[in-house]
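Spelled out from the first residue to the last, the chains are:
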Amino acid sequence: MRDYSKVSPKFWIGATGKRLRARGPEAQIVAFYLLTCPSASMLGLYYVSIPTIAHETGLGLEGATKGLNECVGAEFCGYDTEAEMVWVYEMARYQVAEQLSPADHQCKGIQRDYNALPQNRFLGPFYDRYADAFNMTLRRGGDSPTQAPSKPLPSQEQEQEQEQEQEQEQEQDKKTNVELTPDDPAPPPTGKGKKRATKPATSIDDVQRVFAHWQAVRDHPQAKLDTKREKNIRARLADGYTVEQLCKAVDGIANSSFHMGDNEQRTVYDDIELICRNAAQVDKFIRHADAPPSPRLSKAGARTAEATKRWLERNGGGHA
């Protein structure tokens with residue numbers, strides 16, 4: 001554990017500090033914690049779990065998760081949820097120096113500390129950012145030099161919702177037993193005079209038409225048709241939905257304020273895998289296309305509306 005750390009007054013008034021302030025007090029508390037916590041290192045790349053942040057800041061799991069998400073959104077840090085490693089991007093520059101000479105003994109120490117870090121997705125990007133400044137000689141990580149964006153951390157409510165959706169998806173797959181390889185030959189007869197029911201074939205052309213529509217409408221021109229996206233599109237086509245209906249569901253998600261970013265994570269959830277996750281999802285977004293739902297109030301907005309209603313009731317509807 002370090003005896004001290006450097007924190008500039010610009011933390012509160014600099015460009016990054018202003019972005020953190022705009023994202024709420026949880027973001028400021030978590031950011032300040034990441035700069036000064038017992039686990040922190042001068043590299044700014046170190047292990048820290050969300051429960052630890054929750055306990056030591058007093059924010060609780062929801063507050064710590066929200067604050068960490070907002071720090072990621074403000075480009076203050078990145079967080080690898082699998083390795084539970086945080087990288088405060090500019091921390092090494094402030095804690096060590098802008099530039100070290102090749103003869104500085106700190107260079108060997110930095111390389112040694114870097115070599116000892118557990119595997120995580122920030123190893124390569126850290127080297128790419130600081131190799132010249134600290135005269136580093138060995139790059140770890142087989143990832144691209146371009147830093148991958150951090151994914152938002154799920155809240156407890158979202159984790160429960162995702163688990164329920166996964167269970168529903170597994171149950172749906174059991175019931176429909178969807179065939180995902182339409183080029184397979186028809187199954188052989190089973191029993192005397194009986195034939196197994198064949199599943200509806202799904203054309204790769206239809207899958208690609210739905211995917212191309214999603215790319216264009218949702219502005220994801222570089223997205224790839226990976227296995228999971230293809231599986232979900234095929235499954236819904238096999239359920240009996242037409243290409244036009246799935247395209248309509250793609251259009252309808254734009255009318256869902258929650259999926260367009262009006263949520264606590266301020267994150268857009270519009271992946272075609274989500275839209276086609278199960279029949280209920282498709283039906284919901286088709287309804288949104290036909291009849292957009294009323295705008296969704298955030299929790300804070302709902303509390304404010306309720307307080308206003310109570311004030312009006314106490315004061316005769318607001319009339320003198």
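Residues numbered from 1 in each chain as written. Predicted model: local features only at pLDDT ≥ 70, side-chain atom pairs only at ≥ 80, totals over all residues. Heavy atoms only, no water.

1. Concerning the environment of Ile-110
- Its location among the elements puts Ile-110 in helix 7 (residues 106-115).
- Residues Ile-110 and Met-42 lie 68 residues apart in sequence; the distance between their C-alpha atoms is 8.9 Å. (Helix = DSSP H or I, 4+ residues; strand = E, 2+ residues; numbered from the N terminus.)

2. Topic: the packing of aromatic side chains
- Within this structure, the stated rule accounts for ten aromatic pairs.
- Pairing Tyr-114 with Tyr-127 gives two aromatic rings, centres 6.3 Å apart and planes at 40°, and the pair type is tilted. Taken as a pair, Tyr-114 in helix 7 and Tyr-127 in helix 8 (residues 123-134) lie far apart in primary sequence, 13 residues in all.
- For Tyr-127, a relative accessible area of 15% corresponds to the buried category.
- Considering the side-chain rings of Tyr-130 and Phe-134, the 5.3 Å spacing of their centres and the 5° angle between planes classify their relative orientation as stacked. Note that Tyr-130 and Phe-134 are positioned in helix 8 at a spacing of four residues, about one turn of the helix.
- Owing to a relative accessible area of 0%, Phe-134 belongs among the buried residues under this scheme.
- The structure contains a cluster of three or more aromatic residues connected by ring pairs, namely Trp-87, Tyr-89, Tyr-114, Phe-122, Phe-126, Tyr-127, Tyr-130 and Phe-134. (Phe/Tyr/Trp six-rings, centres within 6.5 Å; stacked < 30°, edge-to-face > 60°. Buried < 20%, exposed > 50% of the residue type's maximum accessible area, 1.4 Å probe, protein only.)

3. Observations regarding the nonpolar core
- The biggest cluster of nonpolar side chains holds 26 residues, and the ones touching the most others in it are Leu-20, Leu-34, Val-48, Ile-53, Leu-68, Phe-76 and Cys-77.
- Going through the elements one at a time, helix 3 (25-36), helix 4 (50-57), helix 5 (60-73), strand 2 (77-80) and strand 3 (85-88) are the ones with two or more residues in this core.
- If one sorts the elements of this core by residue count, helix 3 sits on top with six residues.
- Sequence-distant contacts of Leu-34, that is, excluding residues within four places in its chain, are made with Ala-40, Tyr-46, Val-48, Ile-53, Leu-68, Phe-76, Cys-77, Val-86, Val-88 and Met-91.
- Ala-92, Leu-117, Ala-131 and Phe-134 belong to the second largest nonpolar core, which has 22 residues in total. (Core = buried A, V, L, I, M, F, W, Y, C linked by side-chain atoms within 4.5 Å. Contact = heavy atoms within 4.5 Å.)

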